[in-house]
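# Architecture and fold: a report
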Amino acid sequence: MNIVTILFTYNRSRHTRQVLEALHKNTILPDKLYIFQDGRKENTDKAEWEAVGDAINAVSWCDTKVVISEKNKGLANSIKAGVGRGFEKYDAVIVLEDDCVPHPQFMEYMIKALEKYESCKEVYHIGASSEPVDVEENGTDAYFMGRINSCGWGTWKDRWEQFCNDYRMLGRIKADEYTYEWFRLWGEDIEGSLLGNIEGTTDSWAAFWALTVIMKRGYCLAPYESLITNIGYDNTGIHSGGSQPVLKLRSHGKISEITLPEKIEFVKNYRKSFA
C-alpha cells in the first residue's frame, strides 16, 4: 500500500519547525512527504509567513514535495484540497497540522494501523491522539471508538471518497432515531462547530468528516497514550483558543513494539466512558 504523509502549514514558523524536527526523529520516516502552505492573507505577518516557507523548503531528510498556495484558501479548504491531492497518487494518507508534534513512534503506529485495517471497511479513521477520558484497557496500545480525532490522523482513499461536506447531513441524522442516538453519544458537540462555520468563528472540515463517520457508524482507532503533543493552544491559530485537554502522553523515552487490537469492536463500557 502506498502511503503519503501530509503536513499543513500557514504562518507559524516555530510550530512548524517543532513538528518537522519531531517527524525527522521518528523511527520510520515518510516515504513521501507533501507539505502544503496556505497563501498569505493581506493582514498576515509577511516575514513570519516567509519564515514558514524557508523552513519547509529546507527539508532534505526525506522525499518531499512543497506546495505553496498563491491565494489563501482557509483551513478547511486547504485540508480538503491537500488530502484530495494526496489521493490522486496514493492509497492512504497520514495527516499532520503545524501544531501537532509527533512522538518518535507516530509514523510506526500510523503505518502499522493503516496496513492492518486496510481491508476492514468498517474502520474509517486512524487517530494518533488520545482522548481525555478513562477507557478500559484491552491489552493493546489502542482501542476503537465512534469519533474521529483530527490531531494526527490517517485514512484510506475509499473511505475518504465517502466524505460529505453537506450541512443538511445533520438534519438527516436527527430525522433517524437510530442514527441520532449514535450522534448524541459521539458527536453532540459537532453542531456548535457547524454553527461556528456559518457565523465565521470556526472553519472546520473535521465536523463534516466526523458526521460522515457517525452516519456510517464507522470505527475509529485511538491510542491509550497520545502520540501527538498539541502545541496550538496558544491563540496563534484558527481553532487554538480554550483550555488544553489533559491527555495521557506516550513518553518520548518509551520506544517499544506497538500492538493493535485484533477484533474490530468498540471498547468496553464505551457508553459510560464517552457519555
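In case you missed it, the structure is sitting above this.
Residues numbered from 1 in each chain as written. Predicted model: local features only at pLDDT ≥ 70, side-chain atom pairs only at ≥ 80, totals over all residues. Heavy atoms only, no water.

## Here we look at the packing of helix 7 (residues 177–186) against helix 9 (residues 206–216)
Running from amino to carboxyl end, helix 7 crosses helix 9 at an angle of 135°, the nearest separation of the two axes being 9 Å. By the criterion of interaxial angle, the relationship of helix 7 to helix 9 is oblique. In the packing of helix 7 onto helix 9, the handedness of the crossing is right-handed. Taking contact as the criterion, the partners of Thr 179, Trp 182, Phe 183 and Trp 186 in helix 7 are, on helix 9, Leu 211, Ile 214 and Met 215. (Axes fitted to C-alpha atoms, helices over the stretch in contact; angles between N-to-C directions. Helix = DSSP H or I, 4+ residues; strand = E, 2+ residues; numbered from the N terminus. Parallel < 35°, antiparallel > 145°, perpendicular 65-115°, else oblique. Left-handed = near helix turned anticlockwise from the far one by under 90°. Contact = heavy atoms within 4.5 Å.)

## So, a positive patch on the surface
On the surface, Lys 65, Lys 71, Lys 73, Arg 85 and Lys 89 cluster together into a positively charged patch. By the element assignment, Arg 85 lies in helix 3 (residues 75–86). Classification of Arg 85 by relative accessible area gives partly exposed; the value is 33%. (Patch = residues over 30% accessible without salt bridge, like charges linked within 9 Å, V, L, I, M, F, W, Y side chains within 5 Å. Areas by Shrake-Rupley, 256 points an atom, 1.4 Å probe, with all protein chains shown as cover. Salt bridge = Lys/Arg side-chain N within 4 Å of Asp/Glu carboxyl O. Lys, Arg positive; Asp, Glu negative; His and termini not counted. Charge placed at Lys NZ, Arg CZ, Asp CG, Glu CD. Buried < 20%, exposed > 50% of the residue type's maximum accessible area, 1.4 Å probe, protein only.)

## Comments concerning the packing of aromatic side chains
Throughout the structure, instances matching the rule amount to 23 aromatic pairs. Put simply, the rings of Tyr 117, Tyr 143, Phe 144, Trp 182, Trp 186, Tyr 219, Tyr 224, Phe 266, Tyr 270 and Phe 274 touch in pairs and so form one group of aromatic residues. Sitting over the ring of Trp 156, Arg 159 keeps its end group 4.0 Å from the ring centre. We note Arg 217 situated over the ring of Tyr 178; from NZ or CZ to the ring centre the distance is 3.9 Å. (Phe/Tyr/Trp six-rings, centres within 6.5 Å; stacked < 30°, edge-to-face > 60°. Lys NZ or Arg CZ within 6 Å of the ring centre and 35° of its normal.)

## Topic: the nonpolar core
Of all hydrophobic cores here, the largest spans 87 residues; its most connected members are Tyr 109, Tyr 117 and Ile 126. Of the residues forming this core, the biggest block, 8 residues, is contributed by helix 9. Residue contacts for Tyr 117: discarding those within four places in its chain leaves Val 123, Ile 126, Phe 144, Trp 156, Arg 159, Leu 221, Leu 260, Pro 261 and Ile 264. (Core = buried A, V, L, I, M, F, W, Y, C linked by side-chain atoms within 4.5 Å.)

## Topic: the side chain of Asn 197
Looking at the element boundaries, Asn 197 is found in helix 8 (residues 190–199). When its relative accessible area of 16% is taken as the criterion, Asn 197 is described as buried. Contact partners of Asn 197, with chain neighbours within four places excluded, come to Tyr 167, Thr 202, Asp 203, Ser 204 and Phe 208.

## Quick look at the sheet that holds strand 6 (residues 123–127)
The 8 strands lie next to each other as 3-2-1-4-8-6-9-7, forming an open sheet whose pairing is mixed. Because the sheet does not close on itself, it has two edges, and the strands there are strand 3 (64–68) and strand 7 (142–145). With direction set aside, neighbouring strand axes in the sheet form an average angle of 20°. Of the strands in this sheet, strand 1 (3–9), strand 2 (33–37), strand 3, strand 4 (92–97) and strand 8 (153–156) touch helix 3, which is tilted by about 160° from strand 1. (Pairing = 2+ DSSP bridges.)

## Considering helix 6 (residues 168–175)
Within helix 6, burial applies to Met 169, Leu 170 and Ile 173. The arc enclosing the buried residues of helix 6, seen along the axis, measures out at 100°, which places them on a common side. In helix 6, those exposed residues whose orientation departs by more than 90 degrees from the buried face are Arg 168 and Ala 175. (Arc of directions from axis to C-beta.)

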